[in-house]
Amino acid sequence: MSKRRRYCCKIVILTSLVWSMLDLMLIFQFTNVNPDNAGNLNTGDEIDEKFFVRISNDHDDVIKGRQRQQNGQAKIQRELAGKKESLGTHSVKNKPVTETKRKYLLRKFIDEEIAKMNADDGVKPVEPIQKTKGEKEENNLLSKFIEEDIAKLNSEDRKLESLKQQKQKNKEDSQTDPREKRKLEQPQGKVVEVQQNLPKQQRQQQQPEEDKQLEHVVVEEEQPTIPRLGHKPKFVPWSPDGYGEHGKAVQLTQEEDELSKKTFNQFEFNIVASDKIALNRTLPDPRPQSCKAKSPPNISELPKTSVIIVFHNEAWTTLLRTVISVINMSPRQLLEEILLVDDASLPDKYWLQEDLDEYVAKLPVPTRVIRTGERVGLIQGRLIGLQQSKADVVTFLDSHCECNVGWLEPLMAEIAKDRTTVVSPIIDVISDSTFQYSFIDMRNELIGGFGWWLEFKWFPLPQRERDRVGSDESIPRRTPTIAGGLFSIDKKYFQHLGLYDPGFDTWGAENLEISFRVWQCGGTLVIHPCSHVGHVFRSHIPYKYKDGKTPGTTLTRNNMRLLDVWMDNIKYFYMSINPGYSTAEYGDTSERKILRQSLGCKDFNWYLNNIYPDNTLPLKYTRLGPIKNVENGQCVDIYRRKAYESPVLVECHGGMTQIFVHNQHSNLQHDHLCLAASTKDNTVKERSCFLDEEKENPELRWSYDWQTKTFVHMSTGRCLDRGTLSWIENGQFLTLKVNFCSGVFSQQWTMDNMPTVGKWTA
């Protein structure tokens, strides 16, 4: 036996070299993988099928072998010994018997090696006989020796991994590039997490018996105190005092605030704040009292809807908060399904792959992830979702929304009354920095429009619409346009109208196109005050357009298709103030023009006169062009395009911000803003002149004297003059003011008509 012990000591030393071999043996034994092909897995599905194995003994000791892809090569990585994970979150075919496989194979390996060495030494194998007490003690000592060595190796593994993690953390802390992507895998109890995000009654109805048994085995690993950039964060259970509850702003620590600033540009919102909020947080009820007092519609008489959400590189918490809010705030009878269309999210957004599939599979409402495979853009992504939808009505939402109480019933009720009605909820604002939920008082309610920049804009509800609806705040408001991100439409009616223009690229202007088409072709567009959905409004786009195109190129193409098919002669105005439009490539629009003719649609002048009489288009004017100062040759620039800001004098560049119209109301107007002079301090500011009653305000009216080349303010009788240097945003600029008319050169201005490419006025 002394020779046997000597051999065993040698073998124990060798065990540290065969750990990886044993792990591979485990994987190949229980997943039926051919070792010769282990490095030749081609697809993600094949990788996941072959290299995900979980083995458990009676003490929940888990060994996990997971394949990770790195530089195109398959790499097997052994999990630290001693790490535990709850069994049951994944099913495994041919689950191994509940025994410590590693110890078993190690002993088998040792016995085989001893047998080989005994054979080399000429020692014959001994037939099994009853062991003596001394032999048993010796074997026990050998077993103890082996187990101590295994424990020592495990301890060394942990130390090495800890040092590695600390080194990686130090490296990440020193990173200055906020776009660096970092992964943090966090095994979580998905079943319990999903169920806890649902209302208590729904949890009791939907939770299967087998899932209930899993609740007590959920093991959460220790998490960092601050979420990392680009990750699937730790599950946050709902609490009445939790972050962001009742729509309140999230308050961050100084350390968290610094991290949020560094990581803001990944999603163009505060991901640190979002990750601290429960997926099922509560929100204030912004509905007017008349909506709450109204008898709810009969659910059985309303159509079902398929909710379609297109996303690309979306954050985990904002996407799932959208989904959970749809489920929690909607009657189950009205939800046919939720379709999540993944528009080719990048591989490093790992939380949008397997983790998302597993999460939505456990939701109580049928939810599917549809992957486009290649980048198609929002418009085509919605069409893909629509093609696979089952319900009679489709509801489109963005991927960073929160639906509020009672949001769905009013939308479905309007479509049930008239299938040609397209209805949008009131879109409340979720702050991109604090995730505070804000809503607009009904006294200041808004509707959609558009202006010179051919972009959707919110405008005050005009008096004509207030007169139509009266004092009832629950009546849907007619709107010339919708924002386009959130609305419901009858699927057959949408198909009848021609769906989205297939020639549109990625996104942009599709909301105006469908708005014009609905109104001009006999439909109705409304915003329902009893339906509220919060939306995170981002100031910049955090991703690239498909095919490497720039946003400007894509938007120009879409705008030109919109102008050419639906806006008739008005297109010449836009082509005149945007010279690049005349030479832009926008494809063949003949099929869309045939569609318009077949639907018997009205012309665009009808739309402007009957649906959008408050438009800011220069249909009647005396001059259209830049306002140039005679003394210094500089031009008036609207600059920041905001009400109550100061226009400035800068070098003339011929761009959009320097184009004004002297209209029939005697306003000096740029889009929805007009130059206004204060009677108190003689300063000149930009003021809103969207509504007719605003245009008639004396402070916004100017006359032009062609002989003296002066603009005379009709309220004060003073002349437009060059002002003083003022600090505005990023530098010092000359501003404007009104002074007593003296005939000096600084009060002289020219405003020549700019060249146009066609006639659009009546």
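No experiment lies behind these values; they were computed from the predicted model shown.

Notably, F435 is not glycine yet its phi reads approximately 60°, a positive angle. Secondary-structure assignment places F435 in the loop between β9 (421–430) and β10 (437–438). With a relative accessible area of 1%, F435 lands in the buried category. Phi at A509 is positive, roughly 75°, even though this residue is not glycine. Note that A509 resides in the loop between α17 (491–497) and α18 (510–520). Classification of A509 as buried rests on a relative accessible area of 7%.

Helix length check: helix α9 (residues 254–267), at 14 residues, gives a terminal C-alpha distance of 21 Å against a target of 20 Å (1.5 Å per residue), a fit within 8%. At K261, α9 is deflected by roughly 40°, the largest bend along its length. Along α9, the residues that are buried comprise E256, L259, S260, T263, N265, Q266 and F267. Check the buried side of α9 and you find it contacts α10 (271–275). One or two positions beyond α9, positive phi appears at E268, with a value near 60°.

Attention now moves to the pattern of salt bridges. Taken as a whole, this structure holds 26 salt bridges when the rule is applied. Across the pair R371 and D342 runs a salt bridge, and its minimum N-O distance is 2.7 Å. Here R371, found in strand β6 (residues 367–371), pairs with D342, found in strand β5 (residues 335–342); they are 29 residues apart in sequence, far enough to count as distant. Assessed through its relative accessible area of 33%, R371 is described here as partly exposed. Note that D564 and K593 form a salt bridge whose closest N and O atoms lie 3.1 Å from each other. Here D564 is found in helix α19 (residues 551–566), whereas its partner K593 is found in helix α21 (residues 590–598), with 29 residues between them in sequence. Linked by salt bridges that have partners in common, D285, R287 and K292 make up one network.

Attention shifts here to the pairing of strand β20 (residues 660–663). Residues of β20 alternate between two faces, with F660 and H662 on one and V661 and N663 on the opposite face, all of them buried. Where β20 lies against strand β21 (residues 668–670), two bridges are found, and the strand directions are antiparallel. What sits directly across from H662, in β21, is L668. Taken together, β20 and the strand that follows it, β21, pair antiparallel across an intervening segment of four residues, in which S666 is found at a positive phi of about 70°.

Take the confidence of the model for the protein next. Across the protein, pLDDT averages 78, with 70% of residues at or above 70. Predicted confidence for residues 174–192 stays below pLDDT 50, and this span has 47 contacts to residues more than four positions away or in other chains. This model gives residues 200–228 a pLDDT under 50, and the stretch forms 43 contacts once residues within four places in sequence are excluded.

Summed over the entire model, instances satisfying the criterion amount to 25 aromatic pairs. Taking 5.8 Å as the distance between ring centres and 90° as the angle between the ring planes, the aromatic pair formed by F269 and F435 counts as edge-to-face. You can see F269 sitting in the loop between α9 and α10 and its partner F435 sitting in the loop between β9 and β10, a full 166 residues away along the chain. Residues F269 and F435 agree in their burial class; the two are buried.

A word on the sheet that holds strand β23 (residues 684–688). Adjacent strands of a sheet form backbone hydrogen bonds with each other and so pair up, either parallel or antiparallel. Pairing in this open sheet of five strands is antiparallel, and the strands run β16-β20-β21-β22-β23 from one edge to the other. Unpaired on one side and paired on the other, β16 (621–625) and β23 mark the two borders of the sheet. Ignoring strand direction, the axes of neighbouring strands in this sheet form an average angle of 35°. Sheet topology note: the β21/strand β22 (residues 673–677) ladder contains two bridges and is antiparallel. Across the sheet, Q669 pairs through a bridge with C674, a residue of β22.

Definitions and limits used
Residues numbered from 1 in each chain as written. Predicted model: local features only at pLDDT ≥ 70, side-chain atom pairs only at ≥ 80, totals over all residues. Heavy atoms only, no water. Helix = DSSP H or I, 4+ residues; strand = E, 2+ residues; numbered from the N terminus. Buried < 20%, exposed > 50% of the residue type's maximum accessible area, 1.4 Å probe, protein only. Expected span 1.5 Å × (residues − 1). Bend = angle between axes of the 7 residues up to and from the residue. Contact = heavy atoms within 4.5 Å. Salt bridge = Lys/Arg side-chain N within 4 Å of Asp/Glu carboxyl O. Pairing = 2+ DSSP bridges. pLDDT = per-residue confidence, 0-100. Phe/Tyr/Trp six-rings, centres within 6.5 Å; stacked < 30°, edge-to-face > 60°. Axes fitted to C-alpha atoms, helices over the stretch in contact; angles between N-to-C directions.

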